[in-house]
Amino acid sequence: MAKEQRQLARELYDRELLRLQQELVKLQEWVRVEGARLVVVFEGRDAAGKGGAIQRVTEYLNPRIARVVALPKPTEREQTQWYFQRYVEALPAAGEIVLFDRSWYNRAGVERVMGFCTDEEYWQFLHQCPIFEQMLIEAGILLRKYWFSVSDTEQERRFRGRLKDPMKRWKLSPMDVESIEHWEDYSRAKDEMFLHTDTPDSPWHVVESDDKRRARINMIAHLLSTVPYHEIAPPRIELPPRPAPRGYQRPPRDLQKYVPDHAAGLE
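Just so you know, these numbers come straight off a predicted model, no measurement behind them.

Considering empty space enclosed by the protein
It is a probe the size of a water molecule, rolled over the atoms, that shows where empty space is left. For the coordinates displayed, the defined rule picks out one cavity of 30 Å³ or more. Approximately 40 Å³ is the volume found for the largest cavity. Lining of the largest cavity is provided by Leu24, Leu27, Leu38, Val40, Val57, Leu61, Ile97, Leu99 and Leu223. Every element with two or more residues in the lining of the largest cavity is listed here: helix 1 (10-34), strand 1 (37-44) and strand 3 (96-101). Among the residues making up the lining of the largest cavity, the classes are represented as nine nonpolar, no polar and no charged.

Below, the structure is given as structure tokens:
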């Protein structure tokens, strides 16, 4: 059961988040220059704060280097493939960072609880997963796994907030609602998953997330502490002087279609 958290003050949060995001930019450049491959897995219950943490991690990063993978329901063809196959296709090449917003652990969570996989498929996953992750690590991939832990009362509070907020209503799915009724089943599934996949080489790191601000700060700080990155000196760049005009006459402005000045109506 998650311990009670008091909310981190906004000023402290904003200041430390910005500092950590500056470090993430340094980490990104190190990954690019060194040709490293970093995989970060975000797992946890619905409304545990995974998406918000991912947004803060990627806010200032180059999407060509750091990309988020949130795979949809597998197609009929993908359902006939080796379970890990579609996740392998999303793994990073040299100089890339991949953040999995949910991952291959779907099989040990929602698929197990909701009956979307057979018992044989489930136990085969628990057997193969540590082997699969060990293969990734032996291939040189930096693998980090985070489990966002939220209490039942906080999860319900966030669900109700989504239900009332038209800007967040899309986040609340029928599957989220069912997760309330299956709270204990998900707890049992998570504990069983940890028993088989929390290994010395590929450990789980639990993020207490009843306070989203603390969760984001703690997760990012921990990630940075586990990667042996260092600051890469940027190349020296000097802007050249703007060349003198050479007589080119641009076409009249009224020949082009401009976006209406909507902002002017706000003043």
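Concerning the packing of aromatic side chains
This structure, assessed with the given rule, holds 20 aromatic pairs. Geometrically, the ring pair formed by tyrosine 83 and phenylalanine 84 is edge-to-face, given 5.4 Å between the ring centres and 75 degrees between the ring planes. Ring-pair connections join several aromatic residues into one group, and the members of that group are Trp82, Tyr83, Phe84, Tyr87, Phe100, Trp104, Tyr105, Phe125, Phe132, Trp147, Phe194 and Trp204. When the ring centre of tyrosine 122 is taken as origin, the NZ or CZ atom of arginine 112, which lies over that ring, is 3.9 Å away. Of note, lysine 190 hangs over the ring of phenylalanine 194, and the distance from its end group to the ring centre comes to 4.3 Å.

Things to note about the pairing of strand 1
For strand 1, a buried count of seven out of eight residues is recorded, marking the element as mostly surrounded by other parts of the structure. Sheet analysis places strand 1 next to strand 3, joined by six bridges and oriented parallel. Paired with valine 40 across the strands is leucine 99, a residue of strand 3. Here strand 1 runs beside strand 4 (residues 142-149); their pairing, made up of seven bridges, is parallel. Opposite glutamate 43, over in strand 4, you have tryptophan 147 as the bridge partner.

Observations concerning the sheet that holds strand 2 (residues 66-69)
Across the sheet, five strands lie side by side as 2-3-1-4-5; this open sheet has parallel pairing. Bordering the open sheet on either side are strand 2 and strand 5 (204-208), each of which pairs with just one other strand. Across this sheet, the average inter-strand angle for adjacent strands is 20 degrees, counted without regard to direction.

Details of the pattern of salt bridges
A full pass over the atoms with the stated rule returns 21 salt bridges. Between arginine 188 and glutamate 184 there is a salt bridge; the shortest N-O distance is 3.2 Å. One end of the pair is arginine 188 and the other is glutamate 184, both in helix 9 (residues 183-197) and four residues apart, which spans about a single turn. The salt bridge partner of arginine 236 is glutamate 238, with a shortest N-O separation of 2.8 Å. Per residue, the accessibility class of arginine 236 equals that of glutamate 238, and both read exposed. One network of salt bridges, in which partners are shared, links Glu23, Lys26 and Glu231.

Calculation rules
Residues numbered from 1 in each chain as written. Predicted model: local features only at pLDDT ≥ 70, side-chain atom pairs only at ≥ 80, totals over all residues. Heavy atoms only, no water. 1 Å grid on protein atoms, 1.4 Å probe; cavity = no way out; pocket = protein on both sides within 12 Å on 5 of 7 lines; lining within 4 Å. Points joined across faces, edges and corners; volume = space filled by probe spheres on them. Helix = DSSP H or I, 4+ residues; strand = E, 2+ residues; numbered from the N terminus. Nonpolar A, V, L, I, M, F, W, Y, C, P; charged D, E, K, R; others polar. Phe/Tyr/Trp six-rings, centres within 6.5 Å; stacked < 30°, edge-to-face > 60°. Lys NZ or Arg CZ within 6 Å of the ring centre and 35° of its normal. Buried < 20%, exposed > 50% of the residue type's maximum accessible area, 1.4 Å probe, protein only. Pairing = 2+ DSSP bridges. Axes fitted to C-alpha atoms, helices over the stretch in contact; angles between N-to-C directions. Salt bridge = Lys/Arg side-chain N within 4 Å of Asp/Glu carboxyl O.

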